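A structural walkthrough
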Amino acid sequence: MAPRKKKTGPAVESQQLDIEQAIAAVFDPAALIAEWHKLDAHVESESKRFGEYLKPSRDRMEAIKAELHAKALEQKVNGFPTNEGTAYLSTIVSHKIDPDSAYDTADGRHSVGRDALLDWMLDNWDEYGSEGMQLNISKPIVEKWREEHDNKPPPGLKLDTMVRLNIRKS
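The following paragraphs examine the structure supplied in this document.

Quick notes on the rules
Residues numbered from 1 in each chain as written. Predicted model: local features only at pLDDT ≥ 70, side-chain atom pairs only at ≥ 80, totals over all residues. Heavy atoms only, no water. Salt bridge = Lys/Arg side-chain N within 4 Å of Asp/Glu carboxyl O. Helix = DSSP H or I, 4+ residues; strand = E, 2+ residues; numbered from the N terminus. Buried < 20%, exposed > 50% of the residue type's maximum accessible area, 1.4 Å probe, protein only. Phe/Tyr/Trp six-rings, centres within 6.5 Å; stacked < 30°, edge-to-face > 60°.

1. Description of the pattern of salt bridges
Under the defined criterion, the tally for this structure stands at five salt bridges. Of the charged contacts, one joins Glu-46 and Arg-49 as a salt bridge, the two residues approaching to 2.6 Å between their closest N and O atoms. Here Glu-46 pairs with Arg-49, and both are found in helix α2 (residues 29–75), just three residues apart, close to one helical turn. Assessed through its relative accessible area of 53%, Arg-49 is described here as exposed. The salt bridge involving Lys-71 is made with Glu-74; its shortest N-O contact spans 3.9 Å.

Structure (structure tokens):
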């Protein structure tokens, strides 16, 4: 069977323009943005109303947790296992750099705060530093470097980008 011949000419081009106009008529950014704002306001108001509805339940739940916590501390137990479930204590440890801490390096240099931690990790690299050190760099420093170096990231840094759509009121 021979391939079908494609129709060409002003009638076909006119049909294509009509379809493009129909698509443009259906896609109305102003209407979509207005609808988004209306829905956003509705979700916000209903979320607030639902939060108010749940407030007595949430308050009671917090009171129950406080009572169980106090009793566990008073009775010096780690938890209350029951057929209904278990309430138990957990210890959460967090850390941050102490600006007043000091460290004397192996070669006799004295350092304080962040420098003390860095010097300690470098002095103990094989035991702790190589696996324990995490590096981070601030966004303004990265942007400054990129401005000065043809938009390239600093050595050792890889950039991931994401494009996000934001909607705001005029």
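2. Quick notes on unusual backbone geometry
One non-glycine residue with positive phi stands out, namely Lys-76, at about 55°. The phi torsion at Asp-150 lies on the positive side, around 50°, for a residue other than glycine. By secondary structure assignment, the location of Asp-150 is in the segment after α5 (139–148).

3. Considerations on the packing of aromatic side chains
Going through the model one piece at a time under the given rule, you end up with two aromatic pairs. Note on Phe-50 and Tyr-53: the rings are 6.1 Å apart at their centroids and 20° apart in plane angle, and the pair reads as stacked. With a gap of three residues between them, Phe-50 and Tyr-53 both fall in helix α2, about one helical turn apart.

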